[in-house]
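Now for the letters of each chain:
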Amino acid sequence: MSSTIKVLLAEDQSMVREALAALLGLEDDIEVVAQVARGDEVLPTARQHDIDVALLDIEMPGCTGIEAAAQLNKALPAVKLVVLTTFGRPGYLRSAMEAGADAFLVKDAPAAQLAEAVRKVLAGERVIDPTLAAAALAEGANPLTDREREVLRAAADGSTNAELAATLHLSQGTVRNYLSTAIQKLAVRNRTEAVRIAREKGWL
């Protein structure tokens, strides 16, 4: 009999988190030993528990699941990383893989598929939603630089260039240049459209 797979579950919506924990708890060989609701709680909690696999939602307060995956990959490389998302965006898949994720699944996948993914990553396999994998290949790489993404993210709430400059500790001219370049790369007319397109593709 193989030993129990210890899982850390990170998901900010309590109903979803509890449902996932209950479903995984039905498996004889899987035990959810810790649950967190924030991305910045993932690494310290993982350090406290001798976990085998971390299940990470993408959109969480504190930091994203992708950022948490990168932190875990660096600090605890033996832990396997499964990224779960409501949003099947190709850019998220690429970012998750770059952060060291071993699996990338959408949340509406069958529960049995999630349990099987946990077992497979522990066995050294990589598990990726096939539809997303095809979409990511067709989409290509994120054309935006880290700085362009940072400025676009900050601009999403409608801040003026002056406000963005103050928040990001940049000059207004630099902010304008980053926004202009991002708009050109995404082939849109303005920053609002740039934010929308970049979000839809999972690039922010």
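Residues numbered from 1 in each chain as written. Predicted model: local features only at pLDDT ≥ 70, side-chain atom pairs only at ≥ 80, totals over all residues. Heavy atoms only, no water.

1. Points about the environment of Ala101
Okay, step 1: Within the secondary structure, Ala101 is located in the loop between helix 4 (90-98) and strand 5 (103-106).
Okay, step 2: The exposure class of Ala101 is buried, given its relative accessible area of 0%.
Okay, step 3: Once residues lying within four places of it in the same chain are set aside, the contact partners of Ala101 are Leu81, Val83, Ala96 and Arg126. (Helix = DSSP H or I, 4+ residues; strand = E, 2+ residues; numbered from the N terminus. Buried < 20%, exposed > 50% of the residue type's maximum accessible area, 1.4 Å probe, protein only. Contact = heavy atoms within 4.5 Å.)

2. Regarding the UniProt feature "modified residue: 4-aspartylphosphate" (unreviewed entry) in the protein chain
Okay, step 1: Sites flagged by UniProt as "modified residue: 4-aspartylphosphate" (unreviewed entry) map to Asp57.
Okay, step 2: Take Asp57: it is sitting in strand 3 (residues 53-57).
Okay, step 3: Residue classification places Asp57 among the buried positions, given a relative accessible area of 4%.
Okay, step 4: If we ignore the near neighbours within four places in the chain, the residues touching Asp57 are Ala10, Glu11, Asp12, Gly65, Leu84, Thr85 and Lys107. (UniProt positions renumbered as here; feature names shortened; annotations may be inferred.)

3. Looking at the sheet that holds strand 4 (residues 80-85)
Okay, step 1: The strand order 2-1-3-4-5-6 describes an open sheet built from six strands, whose pairing is parallel. Edge positions in the open sheet fall to strand 2 (30-36) and strand 6 (127-128), since each of these has one partner strand only.
Okay, step 2: Pairing between strand 5 and strand 6: two bridges, direction parallel. Note on strand 6: the bridge partner recorded for Phe104 is Ile128.
Okay, step 3: Where helix 1 (residues 14-25) meets the sheet, its contacts fall on strand 1 (5-10), strand 2, strand 3 and strand 4, and the angle it forms with strand 2 comes to roughly 165 degrees.
Okay, step 4: Relative to the sheet, helix 3 (residues 65-75) contacts strand 3 and strand 4, its axis offset from that of strand 3 by approximately 155 degrees. (Pairing = 2+ DSSP bridges. Axes fitted to C-alpha atoms, helices over the stretch in contact; angles between N-to-C directions.)

4. Considering the pattern of salt bridges
Two side chains bearing opposite charge may form a pair once their charged atoms approach each other closely.
Okay, step 1: Summed over all chains, the structure comprises 10 salt bridges.
Okay, step 2: Among the salt bridges present, the one from Asp57 reaches Lys107, with a minimum N-O distance of 3.0 Å. Of this pair, Asp57 sits in strand 3 while Lys107 sits in the loop between strand 5 and helix 5 (111-122), and the two are 50 residues apart along the sequence.
Okay, step 3: Between Glu150 and Arg147 there is a salt bridge, with the nearest N and O atoms lying 2.7 Å from each other. Placement of the pair is Glu150 and Arg147 together in helix 7 (residues 146-155), with a separation of three residues, close to one helical turn.
Okay, step 4: The partly exposed category is assigned to Glu150, whose relative accessible area is 29%.
Okay, step 5: Overlapping salt bridges, with partners in common, bring together Glu27, Asp29, Glu116 and Arg119 in one network. (Salt bridge = Lys/Arg side-chain N within 4 Å of Asp/Glu carboxyl O.)

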